[in-house]
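For reference, the chains in residue letters:
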Amino acid sequence: MNKKLLSIVLMLLMAFSFTACGEPEESEEAAPAAATVAEESTTEPTTEVDKHPDAISWKKAKNHVGETVTIKGPVKGVFQSTQSSGSPTFINIGKDYPESGRVTVVIWEENISKFDAYSYSGETVYVTGEVYMYDGNPQIEVSSPEQIEVK
């Protein structure tokens, strides 16, 4: 008799464990939440549109001397030189002064009031203008804020 009782108890335990391990039933309240998640995950991801797809890297600016191009790069430093003739403001792209290889954007004193030059610090910018070399580094002079765009 003990064996029969033990067999019945084991069968009931097994049946109970299979039922407990099955898929949980969803309540009506859970269904809308699952639908919301599904809706959110099916939306298309946003892709960043490049403002200037033809922009060249700041690292390649020296290869474009004499050309009017748009360069793209991170602003590493901004400095206004009140000791230099014309009180230029320098925006250094890629590397900061005095490192060589940087691209320097020059804004002369007569144009500086049009710009908020220090707001470019730490930003990635697009700069459009003619590239020339000065002291071994490529430079672009700008006179209009439209020549500098923040990415």
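Placed above this text is the structure.
Residues numbered from 1 in each chain as written. Predicted model: local features only at pLDDT ≥ 70, side-chain atom pairs only at ≥ 80, totals over all residues. Heavy atoms only, no water.

> Any chance you could explain the overall build of the protein here in plain terms?
Looking only at helices and strands, the protein features two helices and seven strands. If you list the helices and strands of the protein from N to C, you get α-α-β-β-β-β-β-β-β. When the 151 residues of the protein are sorted by exposure, 27% land in the buried category. Restricting the contact set of the protein to residue pairs at least 6 apart, pairs at least 24 apart contribute 52%. Of the roughly 10,800 Å² that the protein leaves accessible, carbon and sulfur atoms contribute 55%. (Helix = DSSP H or I, 4+ residues; strand = E, 2+ residues; numbered from the N terminus. Buried < 20%, exposed > 50% of the residue type's maximum accessible area, 1.4 Å probe, protein only. Contact = heavy atoms within 4.5 Å. Areas by Shrake-Rupley, 256 points an atom, 1.4 Å probe, with all protein chains shown as cover.)

> Just to check I follow, could you spell out the pairing of strand β4 (residues 103–107) for this structure?
A regular strand carries its side chains on alternate faces of the sheet. Among the five residues in β4, five count as buried, and that is most of the element. Neither face of β4 is left uncovered, since the one carrying V103, V105 and I107 and the one carrying T104 and V106 both have all their residues buried. In this sheet, β4 lies alongside strand β3 (residues 89–93) in antiparallel orientation, the contact comprising five bridges. In the strand pairing of β4, N92 is matched with T104. For β4 and strand β6 (residues 137–141), the ladder comprises three bridges, and the chain directions are parallel. Counterpart to V105 in the pairing with β6 is I140. (Pairing = 2+ DSSP bridges.)

> I tried to follow unusual backbone geometry on my own but got confused; where do I start?
At the junction of Y97 and P98, the peptide bond is cis and its omega measures out at 10° in the coordinates. Within the secondary structure, P98 is located in the loop between β3 and β4. Phi is positive for S87, which is not a glycine, with a value near 40°. S87 gets classed as buried once you look at its relative accessible area, which sits at 11%. Even without a glycine there, the phi angle at D135 is positive, about 55°. Mapped onto the elements, D135 comes out in the loop between β5 (124–134) and β6.

> I keep staring at the side chain of N137 and nothing clicks. Help me out?
As for its position among the elements, N137 is in strand β6. Overall, N137 belongs to the buried group, its relative accessible area being 4%. Setting aside residues no more than four positions away along its own chain, N137 makes contact with S100, G101, R102 and Y132.

> Any chance you could explain the environment of P53 here in plain terms?
The topology assignment puts P53 in the loop between α2 (30–41) and β1 (56–57). For the pair P53 and T70, spaced 17 residues apart in the sequence, the C-alpha separation amounts to 9.6 Å.

> I tried to follow the pairing of β3 on my own but got confused; where do I start?
Judged by how many residues are buried, β3 sits mostly within the fold: four of five residues are covered. Two strands pair when backbone bridges link them, and strand β2 (residues 68–80) and β3 are joined in this way by five bridges, in the antiparallel orientation. From the neighbouring strand, Q80 faces β3, where its bridge partner is T89.

> What's the story with the nonpolar core in this structure? I'm lost.
Side chains of a nonpolar character, in soluble globular proteins, are inclined to be buried together. Grouped together as the largest cluster of nonpolar side chains are 21 residues, with contacts concentrated most on I71, I91, I93, V127, V142 and I148. Among the elements of the structure, β2, β3, β4 and β5 are those that each provide at least two residues to this core. In terms of residues, this core owes the most to one element, β2, which gives four residues. In contact with I71, not counting residues within four places along its chain, are I56, A61, I93, V103, V125, Y126, V127 and I140. (Core = buried A, V, L, I, M, F, W, Y, C linked by side-chain atoms within 4.5 Å.)

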